Number of protein chains: 2
Amino acid sequence: MNELALLRRIQRKAPKPGPGVLLGIGDDCAIYRPEGAHEDLLFTSDMTIEDVHFRREMHSADSVGWKALARGLSDIAAMGGEPRFCLLSLALAKWADQRWIDGFYRGFLRLARRTGTTLAGGDLARAERTACDVAVCGAVPPGKALRRDGAQPGDGIYVSGRLGGAALGLETRRGAAWNKHCLPKPRLEFGLLLRDRATAAIDLSDGLSLDLHRLCLASRVAAVLEETIPIFPGASLEQALHGGEDYELLFTARADVEGAVRIGTIRPGRHGRVILQGKQLAPLGYDHFR
Amino acid sequence: MNELALLRRIQRKAPKPGPGVLLGIGDDCAIYRPEGAHEDLLFTSDMTIEDVHFRREMHSADSVGWKALARGLSDIAAMGGEPRFCLLSLALAKWADQRWIDGFYRGFLRLARRTGTTLAGGDLARAERTACDVAVCGAVPPGKALRRDGAQPGDGIYVSGRLGGAALGLETRRGAAWNKHCLPKPRLEFGLLLRDRATAAIDLSDGLSLDLHRLCLASRVAAVLEETIPIFPGASLEQALHGGEDYELLFTARADVEGAVRIGTIRPGRHGRVILQGKQLAPLGYDHFR
């Protein structure tokens, strides 16, 4: 069973959302509208686990902390939100000494400060492996959140930057690509710009092939990749298509948006299908459950 | 370094809360007031980790799912909130098969349904050990959230029920005590009742001795336990004083509250000090970092 199948199984079992929950399981964030509020709130949570998302001998504590927050902020960006606050649940293995913990918080709080995200609470525990989960809350004007399910046939498909850099960095552990892998910059400002321009959006956390497949499934459309995909210098097409953790935004729009590169067009067709050079592109991006 | 010291270190490093965050790190929940809203929102997150919070050979999947949500709901109860929604981040070890996963969600969603808590999103991953983190959002009328820091000398100290049951259950694995350990009922209705009556409140997750110490530290007062502590049938005084996971509410008030038992009085004195039978009671409750 892959992640999507597991998610569907959970969705079927979960009761209908209660009052105020405008969007539940299945997008980058949930949307909650507090009674009387002038803003909709976005919520997302992301885990970062030792030997799954990072290795202690490879990644600095600072980078682990930074990325732990970056993942959620990227989800907020994909929905056009401004970050407000976050909760950090942190389980520390025995090996994580005071120096490592300080480094982790240094990276985490540096990104928090830059993006105006208040660390408002969380949980602490000891565990066999170090792991954390970060829940982020963002805000958008009522009804303005970008979603995955708004793409329509004829819309252009765009990306906010060059792809494959994080995968290349993981391979080479050098230069700008390694920096992109270790300290990804969530595209928050670009997300704000998209609020009135994109018809649908998703962040590229698991690879273009899988994330575009997800966007098309949610929008009940197909996609054709027909323009040149912008590739990070030195990365392969494979890395650009299937590499995870680029944290660029993938979106659809009726007209070009400055700063984004058009890579294809939304078409009617089998929901979720992505065509590249006349062939179906398999959603080979990162899936924990495959 | 114990949990309290680690928490203080984090608090010192974290920047001041941004707009809307009325209460940050250090209470059962953070408080966020959305612009224009008729409600304050409460946020808490709690981890549940294999071999730390549960054992697969001892706890049913159903109980693990139930407790994973109960812990956050108890924090919402302690602040007088009504639950709105939650996010569930779940990391699954290889041994967790479809049957276990279904059992986990059955327990989780049963408690969610009973308490009107929408499962609105989260994250899924594979990991070496099964673990989850649940972030819960609750709501209270503006300014009505109960906090830890409002206790004043002369206030009575109360508990919402008998203590030590969960610790006894963990020891004997039988009867009502085992049930209390496996399927704790967050005191949400009682929390609502306390909104206009309690001066301070906290939930009893780590044991009376430690949680009362925390309440007194936050309120900058001391406490004297002078009345009989209500003990779960069969439990020892030791279990009632230091046993965790009872998930009853501990609160202070100027007058008796129906359904609660008075156990002592708030006094001026060294902040955080708790006196029992003329001697200082050590905060021996559960601390991951001691």
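Predicted model, so just to flag it, every value in this text is computed and none were measured.

## Overview of the interface of chain B and chain A
- At the interface, 63 residues of chain B touch 63 residues of chain A.
- For the pair chain B and chain A, the two sides together bury roughly 5300 Å², of which 66% comes from carbon and sulfur.
- For the pair chain B and chain A, the number of links is four salt bridges.
- The partner of A:D102 in a salt bridge is B:R9, with the nearest N and O atoms 2.5 Å apart.
- At the boundary of chain B with chain A, the tally comes to 20 residue pairs in polar contact (both at pLDDT 80 or more).
- Of all the secondary structure elements, the ones that give two or more residues to the side of chain B that touches chain A are α1 (3-13), β1 (21-23), β2 (30-32), β3 (40-49), β4 (82-92), α3 (98-115), β5 (118-126) and β6 (131-140) of chain B.
- Examining the composition of the side of chain B that touches chain A, we find that nine residues originate from one element, β5(B), more than from any other.
- Of the residues assigned to the side of chain B that touches chain A, the class counts are 34 nonpolar, 13 polar and 16 charged.

## Focus: helix α2 (residues 61-78) of chain A
Residue and element names in this part refer to chain A.
- Look at α2: 26 Å from first C-alpha to last across 18 residues, which is about the 26 Å you get at 1.5 Å a residue.
- Across the 18 residues of α2, 18 count as buried, placing the element largely inside the fold.
- Residue G80 follows α2 closely and has a positive phi angle near 80°.

## Remarks on the pairing of strand β9 (residues 222-225) of chain B
Residues and elements named next belong to chain B.
- With four bridges connecting them, β9 and strand β11 (residues 261-267) associate as antiparallel partners. Paired with V224 across the bridge in β11 is T265.
- Relative to strand β12 (residues 274-276), β9 runs parallel, the two sharing three bridges. Across the sheet, V224 pairs through a bridge with I275, a residue of β12.

## What about the confidence of the model for chain A?
- For chain A, per-residue confidence averages 95 on the pLDDT scale, and residues scoring 70 or more make up 100% of the total.
- Overall fold confidence for the complex sits at a pTM of 0.96, while the interface term, ipTM, reaches 0.95.

## Details of the packing of aromatic side chains
- Considering all chains together, one arrives at 19 aromatic pairs over all chains under this definition.
- Look at A:F54 and A:W100: their rings are 6.4 Å apart centre to centre, the planes differ by 25°, and that puts the pair in the stacked class. Of this pair, A:F54 sits in the loop between β3 (40-49) and α2 while A:W100 sits in helix α3 (residues 98-115), and the two are 46 residues apart along the sequence.
- Looking at A:F54, the relative accessible area reads 4%, which means it is buried.
- Of the residues examined, A:W100 reaches a relative accessible area of 10% and is grouped as buried.
- Seen from their ring centres, A:F104 and A:Y105 are 5.6 Å apart, and the 85° between their planes marks the pair as edge-to-face. For the residue pair A:F104 and A:Y105, the accessibility class agrees, reading buried in each case.
- Of the aromatic side chains, those joined through ring pairs into one cluster are A:Y32, A:F43, A:F85, B:Y32, B:F43 and B:F85.
- Against the face of A:F190 rests A:R187, its NZ or CZ located 5.5 Å from the ring centre.

## Points about the environment of B:A218
All names here are of chain B.
- Structurally, A218 is set in helix α7 (residues 208-219).
- Each C-alpha atom, one on A218 and one on A200, is 9.7 Å from the other, the two residues being 18 residues apart in sequence.
- Setting aside chain neighbours within four positions, we find A218 in contact with R148 and D149.

## A short note on the packing of helix α1 (residues 3-13) of chain A against α3(B)
- Where α1(A) meets α3(B), the closest approach of the two axes is 11 Å, and the angle between their N-to-C directions is 35°. The handedness of the crossing between α1(A) and α3(B) comes out as right-handed. In this structure, α1(A) contributes A:L6, A:R9, A:I10 and A:K13 to the contact, and α3(B) contributes B:Q98, B:I101, B:D102, B:Y105, B:L109 and B:R113.
- Classifying every residue of the contact of α1(A) with α3(B) by side-chain character gives five nonpolar, one polar and four charged.

## Quick look at unusual backbone geometry
- Of note in this structure, A:Y247 is not a glycine but carries a positive phi near 55°.
- A relative accessible area of 3% places A:Y247 in the buried class.
- Phi at B:E245 is positive, roughly 70°, even though this residue is not glycine.
- Looking at the element boundaries, B:E245 is found in the loop between α8 (237-242) and β10 (249-253).

## Things to note about the packing of helix α2 (residues 61-78) of chain B against α3(B)
Residues and elements named next belong to chain B.
- Orientation of α2 relative to α3, taken along the N-to-C sense of each, is 40°, at an axis distance of 6 Å. For the pair α2 and α3, the crossing hand works out as right-handed. On α3, the residues touching A61, D62, V64, G65, W66, A68, L69, A70 and L73 of α2 are W100, G103, F104, R106, G107, F108, R110, L111, A112, R114 and T115.
- Its residues assigned to classes, the contact of α2 with α3 comprises 12 nonpolar, four polar and four charged.

## Describing the sheet that holds strand β1 (residues 21-23) of chain A
- Taken in spatial order, the six strands make up an open sheet running β1-β2-β3-β6-β4-β5 (chain A), and their pairing is mixed. The open sheet has two edge strands with one neighbour each: β1 and β5 (118-126) of chain A. Taken over all neighbouring pairs, the strand axes of this sheet differ in orientation by 20° on average, direction set aside.
- Where α2(A) meets the sheet, it contacts β3, β4 (82-92) and β6 (131-140) of chain A, and its direction lies at approximately 145° from that of β3(A).
- Where α1(B) meets the sheet, its contacts fall on β4 and β5 of chain A, and the angle it forms with β5(A) comes to roughly 155°.

Conventions used here
Residues numbered from 1 in each chain as written. Chains lettered and ligands numbered in written order. Predicted model: local features only at pLDDT ≥ 70, side-chain atom pairs only at ≥ 80, totals over all residues. Heavy atoms only, no water. Contact = heavy atoms within 4.5 Å. Buried area = accessible area lost by both parts, 1.4 Å probe. Salt bridge = Lys/Arg side-chain N within 4 Å of Asp/Glu carboxyl O. Polar contact = N/O pair within 3.5 Å; in protein donor to acceptor, adjacent residues only side chain to side chain. Helix = DSSP H or I, 4+ residues; strand = E, 2+ residues; numbered from the N terminus. Nonpolar A, V, L, I, M, F, W, Y, C, P; charged D, E, K, R; others polar. Expected span 1.5 Å × (residues − 1). Buried < 20%, exposed > 50% of the residue type's maximum accessible area, 1.4 Å probe, protein only. Pairing = 2+ DSSP bridges. pLDDT = per-residue confidence, 0-100. Phe/Tyr/Trp six-rings, centres within 6.5 Å; stacked < 30°, edge-to-face > 60°. Lys NZ or Arg CZ within 6 Å of the ring centre and 35° of its normal. Axes fitted to C-alpha atoms, helices over the stretch in contact; angles between N-to-C directions. Left-handed = near helix turned anticlockwise from the far one by under 90°.

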